[in-house]
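Coordinate analysis (summary)
One letter stands for each residue in the lines below.
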Amino acid sequence: MSSYLSSAYKEFQRYETLGRRTMEQLRDEDLFYQSGEGVNSIAVIVKHLHGNMMSRWTDFMNEDGEKEWRDRDGEFEDTLKSREEIYKLWTDGWNMVFDALEALRESELEAKVLIRGEEHTVIEATNRQLCHYAYHVGQMVQIGRMLKGEGWESLSIPRGKSAEYNQMMKQ
């Protein structure tokens, strides 16, 4: 795996972990919390990410990343009912991403792929997805932090602990 692919793979793993660890901290009902009308819950964000991942990464070297079978608008409908359903979509979506990345070769990185008819190199398309997933995982983390309040277990360096963390990293 090229250094670019290895780096991208690690970043996708980082965001999968952030989202999963956020959901693990929350009660079942928190996964469906909406702060207002038309605001996405974590469940809806996961459903949207799943739809995007399945569409973008299925045969992405040969077919447009926006598949005809994708129901993007339906992804924003609140139809999931359980943590198990959410986790299944989360796992299936990320498995699709990781399987596609593992199949890529360095010689394919400059190849052209389509997303909604727009041409991208494989690197550009991968970066586009990485940024998109980071955006939505960030939303999930923010929702989790708001709901957990003081009970939130930091997923990065906790406030007031930067010097301690930096010292630990130097050892």
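Quick summary incoming for the structure in this document. What you are looking at is a predicted structure, and each value in this text was computed from that prediction instead of being measured.

Going through the model one piece at a time under the given rule, you end up with 13 salt bridges. With a closest N to O distance of 2.9 Å, Glu 66 and Arg 70 form a salt bridge. Overall, the relative accessible area of 10% leaves Arg 70 in the buried class. Here the salt bridges do not stand alone but share partners, grouping Arg 56, Glu 66, Arg 70, Glu 75 and Arg 116 into one network.

For the rest of this paragraph, the subject is the environment of Phe 32. Mapped onto the fold, Phe 32 is located in the loop between α1 (3–25) and α2 (42–57). For Phe 32, a relative accessible area of 22% puts it in the partly exposed group. Apart from the residues within four sequence positions on either side, Phe 32 is in contact with Ser 41, Ala 43, Asp 78, Leu 80, Lys 81, Ser 82 and Ile 86.

Attention shifts here to the packing of helix α4 (residues 83–103) against helix α5 (residues 122–148). Each pair of packed helices can be described by the angle between their axes along with the distance between the axes. It is at 13 Å that the axes of α4 and α5 come closest, and there the two elements cross at 155°. By the angle between their directions, the pair α4 and α5 is classed as roughly antiparallel. As α4 runs across α5, the sense of the crossing is left-handed. Seen from α4, the contacting residues are Trp 90, Trp 94, Val 97 and Leu 101; seen from α5, they are Thr 126, Tyr 133, Val 137 and Met 140. A class-by-class count of the residues in the contact of α4 with α5 yields seven nonpolar, one polar and no charged.

Reading guide: rules and limits
Residues numbered from 1 in each chain as written. Predicted model: local features only at pLDDT ≥ 70, side-chain atom pairs only at ≥ 80, totals over all residues. Heavy atoms only, no water. Salt bridge = Lys/Arg side-chain N within 4 Å of Asp/Glu carboxyl O. Buried < 20%, exposed > 50% of the residue type's maximum accessible area, 1.4 Å probe, protein only. Helix = DSSP H or I, 4+ residues; strand = E, 2+ residues; numbered from the N terminus. Contact = heavy atoms within 4.5 Å. Axes fitted to C-alpha atoms, helices over the stretch in contact; angles between N-to-C directions. Parallel < 35°, antiparallel > 145°, perpendicular 65-115°, else oblique. Left-handed = near helix turned anticlockwise from the far one by under 90°. Nonpolar A, V, L, I, M, F, W, Y, C, P; charged D, E, K, R; others polar.

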